[in-house]
Amino acid sequence: MLDKCITLLQSYGLSSLKKLKQVHAFSIRHGVSITNPEMGKHLVFYLVSLPPPPPPPMSYARKIFSAIEKPINVFIWNTLIRGYNETGDSVSALSLYREMRVSGFVEPDTHTYPFLLKAVAKMADVRLGETIHSVVIRSGFGSLIFAQNSLLHLYSNCGDVGNAYKVFDEMPVKDLVAWNSVINGFAENGKPNEALGLYSEMGSKGIKPDGFTIVGLLSACAKIGALALGKRVHVYMIKVGLTGNLHSNNVLLDFYSRCGRVAEARTLFSEMVDKNSVSWTSLIVGLAVNGFGKEAIELFKDMESKEGLLPCEITFVGILYACSHCGMVDEGFEYFRRMREEYKIEPRIEHFGCMVDLLARAGEVKKAYEYITKMPMQPNVVIWRTLLGACTVHGDSDLAELARIKILQLEPNHSGDYVLLSNMYASEQRWSDVQKIRRQMLEDGVRKVPGHSLVEVGNRVHEFLMGDKSHPQSELIYAKLKEMSDRLRLEGYVPQIANVYVDVEEEEKESALVYHSEKIAIAFMLISTPERSPIRVVKNLRVCADCHMAIKLVSKVYGREIVVRDRSRFHHFKDGSCSCRDYW
DNA sequence: TTAGGGTTAG
């Protein structure tokens, strides 16, 4: 009978306390007492291993709250606001604060405002934030460091770095939390260089960084592809014993993939003791965008077999992206189905975008268009642009025109679309259409977003624009460009003039191509770094077909591995070929 | 018996 009871315990295992109690009652009925050491051992083991019960719902707390005799003291108000914050219900947290003010019996205290500001920060509404800011000032709690830090965070969460910095600047005492918030605020709002600058300022003030600082720093390094700098941060993490910090490791993982260092990312992942679904998702996405679609899908299968890890919507963006870039159309549709049915994740517009890309990339532009018309939501510019891009690659000019009209309605004056379309016309030698587009661009006052490339030598990040001659070593760089062009021609390189959108003389077109920022950056790296060492370039736009071809040959002729991080993906060039297999 | 800062896509 003892064996029977233990088998029962094992099979019900960790399902619930109620089940365990049933087995206990069953054992007593059949003469197996708790005094039996074996029975006791198993029962204690399963009891202490039970998952923690979910917290009671806020509605219940609210009911009790309403029943409490008036006036309700400030601690209870604060606690309920905190409860709403912790369950992610910022709207109720804010309205509870308003209720407290209206009731008029009690004044907010030093705890109330940080709670309130946290709720407002989550809502990411600058105007509301400004209103609450003045409320805090009027209340007289403006000098409280908790309130100041909350305000700083509130502004950076709304994307208003100007005001965030103003709050920070005016703080008479800046503690580690303040530094971390302002650094992270800059890093997250498209100002990674400023974030790094503030970090060195922090160091000069003698403030020691912690795990939060690491997160802000590494995400700044990841954005500009500053590998050497990020590696120093990694070394620092080892030195001060932050390698066990899950958040820092997750960002480090993302940092390595965004610098094209997939091997390092994989090693780190395998060494991480603590992993959550963000870690798994980061590596899946990292593998996918670096062109390792098959490996990304293998990793996802691994993730599915692990207990307690649930893929989220971002994981599926990675998976669908992997399928579309590997041409795995059927698999993509299967994952899309499983995402909805098994994981109950409602697809968002990004997922539909991946599906359109999946079809369009595979050359099924007409099917992609049909898919768009059947989507349960209004297609956005990103979707139409995906279709436009695929139409130019696969030469469907009718559908391209249609996509462009849709884009114009949704977002006029976006230079990339004019460029895409004019490139397509140019490749078909339709010069009058090219001229028309170009005229329209001028009329609409649209200017091309200048392309720029970033490269890192030592601890410095160098930036090159298209046709840039401002670098101190400019002469040497242009001499190298000339040599590159000569050596590439010997290898059979023919400039692909279709990528220049103006109908000019052949020779002029060729020279315009030579000046693309990635070529200048690569020439600079060839003269600034040791032979055979790898080159990494971070670009703000998509790499053009001509540069792609040229870089493939450079990798072969100069024996260099070249990793280019594009606006949307990675190209790993080696021995004359690219990891994207010319499909991007 | 209450307070501020963290990463993955687009």
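As the structure is a prediction and not an experimental result, all values here were calculated from the model.

Definitions and limits used
- All residue numbers here refer to positions counted from 1 along the written sequence of the relevant chain.
- Chain letters and ligand numbers both follow the written order, the letters beginning at A and the numbers at 1.
- This being a predicted model, a pLDDT of at least 70 is required before a residue's local features are given, and a value of 80 or more before pairs of side-chain atoms are given or counted; all residues contribute to the totals for chains, interfaces and linings.
- Just so you know, side-chain values use all the structure's heavy atoms and leave hydrogens and water out.
- UniProt positions are given in the numbering used here, feature names are shortened, and annotations may be inferred rather than shown by experiment.
- Here a helix means four or more residues in a row that DSSP labels H or I, a strand means two or more in a row labelled E, and each is numbered from the N terminus.
- For this analysis, residues touch if any pair of their heavy atoms sits within 4.5 Å.
- Residues adjacent in sequence count toward polar contacts only when both atoms are side-chain atoms; beyond that, a polar contact is any pair of N or O atoms within 3.5 Å, and within protein one must be able to donate a hydrogen and the other to accept it.
- We call a residue near a given molecule or strand whenever any one of its heavy atoms falls within 4 Å of it.
- Each residue gets one label: Ala, Val, Leu, Ile, Met, Phe, Trp, Tyr, Cys and Pro are nonpolar, Asp, Glu, Lys and Arg are charged, and the others, such as Gly, are polar.
- Under the scheme applied here, a residue whose accessible area is under 20% of the maximum for its type counts as buried, over 50% as exposed, and between as partly exposed, the area being computed with a 1.4 Å probe on protein chains only.
- Among buried residues, the Ala, Val, Leu, Ile, Met, Phe, Trp, Tyr and Cys ones that are joined through side-chain atoms within 4.5 Å form a nonpolar core.
- Expected span, for any helix, means 1.5 Å times one less than how many residues it has.

Concerning the UniProt feature "repeat: PPR" (unreviewed entry) in chain A
Phase 1: On the UniProt side, "repeat: PPR" (unreviewed entry) is annotated at positions that read residues 73-107, 175-209 and 245-279 here.
Phase 2: Span residues 73-107 is 77% helix and 0% strand, its end C-alpha atoms 9 Å apart.
Phase 3: Structurally, residues 175-209 is divided into 74% helix and 0% strand, and its ends, taken at the C-alpha atoms, are 11 Å apart.

Thoughts on the environment of Asn157
Phase 1: Residue placement: Asn157 occurs in helix α9 (residues 145-157).
Phase 2: For the pair Asn157 and Val126, spaced 31 residues apart in sequence, the C-alpha separation works out to 8.9 Å.
Phase 3: Once residues lying within four places of it in the same chain are set aside, the contact partners of Asn157 are Ala121, Lys122 and Ala124.
Phase 4: Of note is the side chain of Asn157, whose polar atom sits 2.9 Å from the backbone oxygen of Ala121.

So, the protein's contact with DNA strand B
Phase 1: In the region of DNA strand B, 39 residues are neighbours, and Phe115, Asn149, Asp175, Asn180 and Asn250 sit closest.
Phase 2: When atoms of DNA strand B within 4 Å of the protein are split into backbone and base, the sugar-phosphate part holds 38%.
Phase 3: Asp175 is positioned such that a nitrogen or oxygen atom in its side chain is 2.6 Å from a base nitrogen of DNA strand B.
Phase 4: Note that a base nitrogen of DNA strand B is positioned 3.5 Å from one of the side-chain N or O atoms of His247.
Phase 5: Of all the elements in the fold, those that place two or more residues in the surface near DNA strand B are α5 (74-86), α7 (112-123), α9, α11 (176-188), α13 (211-224), α15 (246-258) and α17 (277-289).
Phase 6: In terms of residue count, the dominant contributor to the surface near DNA strand B is α15 (six residues).
Phase 7: Partitioned by chemical class, the residues of the surface near DNA strand B number 15 nonpolar, 16 polar and eight charged.

Considering the environment of Ala228
Phase 1: By the secondary structure assignment, Ala228 is in helix α14 (residues 227-239).
Phase 2: Owing to a relative accessible area of 25%, Ala228 belongs among the partly exposed residues under this scheme.
Phase 3: In this structure, the C-alpha to C-alpha distance between Ala228 and Thr392, residues 164 residues apart in sequence, is 38 Å.
Phase 4: Excluding anything up to four places from it in sequence, Ala228 contacts Glu456, Gly458 and Asn459.

A closer look at the nonpolar core
Phase 1: Ile132, Leu152, Leu218, Phe255, Tyr371 and Leu387 are the most contacted members of the largest nonpolar core, which has 129 residues in total.
Phase 2: By size, the runner-up hydrophobic cluster in this structure holds 31 residues, among which are Val455, Leu526, Ile535 and Cys580.

A closer look at helix α20 (residues 329-341)
Phase 1: The end-to-end C-alpha distance of α20, which contains 13 residues, comes to 19 Å, matching closely the 18 Å that a straight helix rising 1.5 Å per residue would cover.
Phase 2: Of the positions making up α20, those classed as buried are Val329, Gly332, Tyr335, Phe336, Arg338 and Met339.
Phase 3: Here the buried face of α20 lies against α18 (293-305), α19 (313-326), α21 (349-361) and α22 (365-374).

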